[in-house]
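Chain and residue survey
The primary structure of each chain is shown beneath.
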Amino acid sequence: MCGMPQQPPIRSITSRPSRPDASMSLITNVMDHSLDDGYAEAAARKKAAGEGGMPKSLRARLGLAAGLVLAALVVTVGAAQARVAAPAVAKERQELIDRIDRETAAADKLEGSVDKLRDDVSARQREALKKSGGSDQADLVGMLSGATDVHGPGVKLVVNDAKEATTGGGGNPRETSGFSDTGRVRDRDMQRVVNGLWQSGAEAVAINGQRLTALSAIRAAGDAILVDNRPLVPPYTVLAVGDGESLSTRFQNSPDGLYLHALQENYGIRTGISVETDVRLPAAPSVIVRTAQPSTEKGTS
């Protein structure tokens, strides 16, 4: 008999047993998707901030622009104040310049008057000397006192600072050193030079055209050398009338000549002496005696 095909037995559908690690699904999800979720959340927050607030780059640009505007404002205000004050400053400067020009002109005028008065005084002195002692004696007294210009044989001595001279002691004349420790010629050096020439037989001496007399003074004002309160500029040219050869030899062998040589050797002071056949010295600006009086043979005036 043909039998019906047997149907396979129907298995009962039963629930699939749960995985042993089903309770760890949260940890597994975090391990599998932690970066993706984090990036998605950060992107969402950034998008929300962009929609609701101002981006940082825009805030930085606005801050920079505000700083530039403030700087430009400060510069503009300063320039405006300078333009406002400029006319007043220029006016004060011009007033000072005009005042200096006026005072300089007045000083020049006074100096011219002084020169004329000195010439008049010198002329009157010469006339008085002629009347009192005769022409020859007056000329001799005038030459010895420096009241008249003279010429004759003599020497020319040039004294100059060292090539690399420096200013020492804060611009004050040296006080303790006997030599020029800065390479500059000082008033003491010129005093010794002049005294050495007198002692060596000079009959008349002038420095840079300034005639020296018994009343002359060589002093210092800062680094400047003054002769009778008139400043001199190096090189210092000393002219002395006398027996040229003898005067030159005696001066160079004198203590003051050796002093000058020591300045040259040790401190670079530049010096040079030559014998001249004819040197010309001007008269002194004025020779005024205020206290001394001539005495009679008995010793009373």
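Each chain carries its own residue numbering, running from 1 in the direction its sequence is written. Residues qualify for local features only when their pLDDT is at least 70, as the model is predicted, and side-chain atom pairs are given and counted only at 80 or more; totals for whole chains, interfaces and linings, by contrast, use all residues. For side-chain calculations, the full set of non-hydrogen atoms in the structure is used, while hydrogens and water are omitted.

1. Brief notes about the pairing of strand S5 (residues 224–227)
In this sheet, S5 lies alongside strand S4 (residues 218–221) in antiparallel orientation, the contact comprising four bridges. Note that in S5 the partner of Ile218 across the bridge is Val227. Between S4 and S5, which pair antiparallel in sequence order, lie two residues; one of them, Gly222, sits at a positive phi of approximately 70 degrees. Strand pairing is assigned whenever DSSP detects at least two bridges linking the two strands. Secondary structure elements are taken from DSSP: a helix is a run of H or I of four residues or more, a strand is a run of E of two residues or more, and numbering for both begins at the N terminus. What sits between the antiparallel neighbours S5 and strand S6 (residues 230–232) is a turn of two residues, in which Asp228 has the positive phi angle 55 degrees.

2. A look at the packing of helix H4 (residues 187–199) against helix H5 (residues 244–253)
Note on method: axes are straight lines fitted to C-alpha atoms, helices fitted across the in-contact stretch only, with angles between N-to-C directions ranging 0 to 180 degrees. Contact pair H4 / H5: the axes reach a minimum separation of 9 Å and the direction vectors enclose 130 degrees. The angle between H4 and H5 falls in the class oblique. Where H4 crosses over H5, the handedness of that crossing is right-handed. Residues Val193, Gly196, Leu197 and Gln199 of H4 touch H5, and the partners they reach there are Leu247, Arg250 and Phe251. Three categories are distinguished: nonpolar for Ala, Val, Leu, Ile, Met, Phe, Trp, Tyr, Cys and Pro, charged for Asp, Glu, Lys and Arg, and polar for the others, with Gly belonging to the last. The residue inventory of the contact of H4 with H5, partitioned by class, reads four nonpolar, two polar and one charged. Every angle not falling under 35 degrees, over 145, or within 65 to 115 is termed oblique; those three ranges are roughly parallel, roughly antiparallel and roughly perpendicular. In this scheme the crossing of two helices becomes right-handed for a clockwise turn of the near helix relative to the far one and left-handed for an anticlockwise turn of less than a right angle. Any two residues whose heavy atoms approach within 4.5 Å at even a single point are treated as in contact.

3. Brief notes about the environment of Ser122
Structurally, Ser122 is set in helix H2 (residues 56–133). Exposure classes here rest on a 1.4 Å probe applied to the protein chains alone. A residue is buried below 20% of its type maximum, exposed above 50%, and partly exposed in between. When its relative accessible area of 6% is taken as the criterion, Ser122 is described as buried.

4. Comments concerning the sheet that holds S4
If you trace the three strands from one edge of the open sheet to the other, you get S4-S5-S6, paired in antiparallel fashion. Because the sheet does not close on itself, it has two edges, and the strands there are S4 and S6. In this sheet, adjacent strand axes meet at a mean angle of 40 degrees when their direction is disregarded. Of the strands in this sheet, S4 and S5 are in contact with H4, which crosses S4 at around 170 degrees.

5. Things to note about the confidence of the model for the chain
The score called pLDDT rates the predictor's confidence residue by residue, from a low of 0 to a high of 100. For the chain, per-residue confidence averages 77 on the pLDDT scale, and 69% of positions sit at 70 or higher. Low pLDDT, under 50, characterises residues 168–180; the stretch is placed with 28 contacts to residues that sit more than four places away or in other chains.

6. Concerning the nonpolar core
Membership of the largest hydrophobic core comes to 25 residues, with the highest contact counts inside it found for Met190, Leu197 and Ile207. Breaking this core down by element, the ones donating at least two residues are strand S1 (150–160), H4, strand S2 (204–207), S5, strand S7 (236–241), H5 and helix H6 (255–267). Among the elements that line this core, the one with the most residues is H4, at four residues. The contact partners of Leu197, leaving out residues within four places of it in the chain, are Val155, Ala202, Val238, Ala240, Leu247 and Phe251. In this description, a nonpolar core means a group of buried Ala, Val, Leu, Ile, Met, Phe, Trp, Tyr and Cys residues linked to one another through side-chain atoms lying within 4.5 Å. Ranked by size, the runner-up nonpolar core spans six residues in total, among them Ala204, Ala206, Val241 and Leu281.

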